[in-house]
Amino acid sequence: MGQFLIMKNKISWYYKKIRFILKRKINLDKKIIKYNSLNDLFNYFGSDKGTSVINPYSKNSNQIIGHGFGEFYEKYLEKVKNKKINLLEIGIWEGSSIAAFNKFMPDANIFGIDRNFKLKYKSKKIFFFNCNTEKYNDLNNFKKKISKSKFNIIIDDGSHLLKDIISNLKFFYNLLEVDGYYIIEDFNHPEYYKYLNNSNGDELLFREIINNIKNKTFFKSKILNKFDQKYLFENIKDVNIFKGKMIDNKENVSDIVFFRK
């Protein structure tokens, strides 16, 4: 039964991959867009990093949402927007945000990771990797494929599960260039939404981890051992936390942190 399920999953994966390869995608290299800010681009492509988009995760909803992260991204990306840098985003869904980054930073190589084959854009500067960050083999294959490449910007907008946020920091921070930024969106979600805290009490909430990193104080963790923590203490120069906008007139659950290496 186990072998049958493994084979079934492999066939399903190859089927999805072939469909993805054959799927017609929007060519961003042929698309000219006038915009005044990165937030405009987020809104145009329908990324919830913007301030006003129809909920991209609900097909039957006209709900207008937006975290309002555009102004913070622009603050840190403005100085590199015309440089040949490498940007990696973890969790891209249909690719609305990497499409926006592609137009905002035309000379940048944009790498996107997702466990699903949903990306609907293409460009000579966009590189997609099907990768489940919870699987060691997937991460190892990704590292082999990028060879010795490193990134100037890494964004975690993945599952928002607490253990994934911590594990991603452990694995991907090593791939960041010096003076680059590691950015985590919605890092407080496991506190606001209890179902996202999958640590069974073995991990601190991420805001507590941030405080310990800032104070260079060792803490209990099954994911980050003392060596990992020491590495982060020594390789995080600055920590900046921002609040985005309130969504749907409810409590503000839009949090973003920028670590500078």
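Conventions we followed
Residues numbered from 1 in each chain as written. Predicted model: local features only at pLDDT ≥ 70, side-chain atom pairs only at ≥ 80, totals over all residues. Heavy atoms only, no water. Phe/Tyr/Trp six-rings, centres within 6.5 Å; stacked < 30°, edge-to-face > 60°. Helix = DSSP H or I, 4+ residues; strand = E, 2+ residues; numbered from the N terminus. Buried < 20%, exposed > 50% of the residue type's maximum accessible area, 1.4 Å probe, protein only. Lys NZ or Arg CZ within 6 Å of the ring centre and 35° of its normal. Core = buried A, V, L, I, M, F, W, Y, C linked by side-chain atoms within 4.5 Å. Contact = heavy atoms within 4.5 Å. Pairing = 2+ DSSP bridges. Right-handed = clockwise from strand over helix to strand, strands pointing away. Salt bridge = Lys/Arg side-chain N within 4 Å of Asp/Glu carboxyl O. Axes fitted to C-alpha atoms, helices over the stretch in contact; angles between N-to-C directions.

(A) Molecular detail of the packing of aromatic side chains. Scanning the model with the defined rule gives 25 aromatic pairs in all. Seen from their ring centres, F42 and F101 are 5.5 Å apart, and the 90° between their planes marks the pair as edge-to-face. Here F101 lies in helix α4 (residues 96–104) and F42 lies in helix α2 (residues 38–45), a separation of 59 residues in the sequence. Considered together, F42 and F101 belong to a single accessibility category, that of buried residues. Plain terms: the ring middles of F129 and F142 are 5.1 Å apart, the flat faces sit at 90° to each other, and that makes the pair edge-to-face. With F129 in strand β7 (residues 126–130) and F142 in helix α5 (residues 136–145), the pair connects residues that are 13 residues apart, well separated along the chain. One Lys or Arg, K226, reaches over the ring of F218 and ends 5.2 Å from the middle of that ring.

(B) Inspection of the nonpolar core at higher detail. One finds L38, Y73, L77, F101, M105 and F258 to be the most contacted residues of the largest nonpolar core, which totals 36 residues. At the level of secondary structure, the elements contributing two or more residues to this core comprise α2, α3 (70–77), α4, β7, β8 (151–156), β9 (176–185) and β11 (255–260). Not counting residues up to four positions away in its chain, the partners in contact with Y73 are L38, F42, K49, F101, I155, I183, E185, I256 and F258. L176, F187, F219 and L232 belong to the second largest nonpolar core, which has 35 residues in total.

(C) The pairing of β9, seen in detail. Among the 10 residues of β9, seven are classified as buried, and the element is accordingly described as predominantly covered. Pairing geometry for β8 and β9, over five bridges, is parallel. By the bridge assignment for β9, I153 is matched with Y181. The β-α-β motif built from β8, the intervening helix α6 (residues 162–172) and the parallel element β9 has right-handed crossover chirality. As defined by bridge partners, β9 adjoins β11 across five bridges and the pair is classed as antiparallel.

(D) Representation of the pattern of salt bridges within the structure. Inspection of every chain in the model, using the stated rule, returns 12 salt bridges. Among the salt bridges present, the one from K49 reaches D157, with a minimum N-O distance of 3.1 Å. Here D157 lies in the loop between β8 and α6 and K49 lies in the loop between α2 and β2 (53–54), a separation of 108 residues in the sequence. Of the two residues examined, K49 and D157, each falls in the buried class.

(E) Molecular detail of the side chain of T133. Along the chain, T133 falls in the loop between β7 and α5. Leave out the neighbours within four places in its chain, and T133 touches I90, I113, L139, N168 and F172.

(F) How the structure looks around the side chain of N188. As for its placement among the helices and strands, N188 is situated in the loop between β9 and α7 (189–192). With a relative accessible area of 8%, N188 lands in the buried category. Not counting chain neighbours up to four residues away, the residues in contact with N188 comprise R207 and D255.

(G) Examining the sheet that holds β9 more closely. Read across the open sheet, the seven strands follow the order β7-β5-β4-β8-β9-β11-β10; overall the sheet is mixed. Taken across any chain shown, the strands that pair with only one partner, and hence form the sheet edges, are β7 and β10 (238–243). The average undirected angle you get between the axes of adjacent strands in this sheet is 15°. Sheet topology note: the strand β5 (residues 109–114)/β7 ladder contains five bridges and is parallel. Along β7, the bridge assignment pairs I110 with I126.

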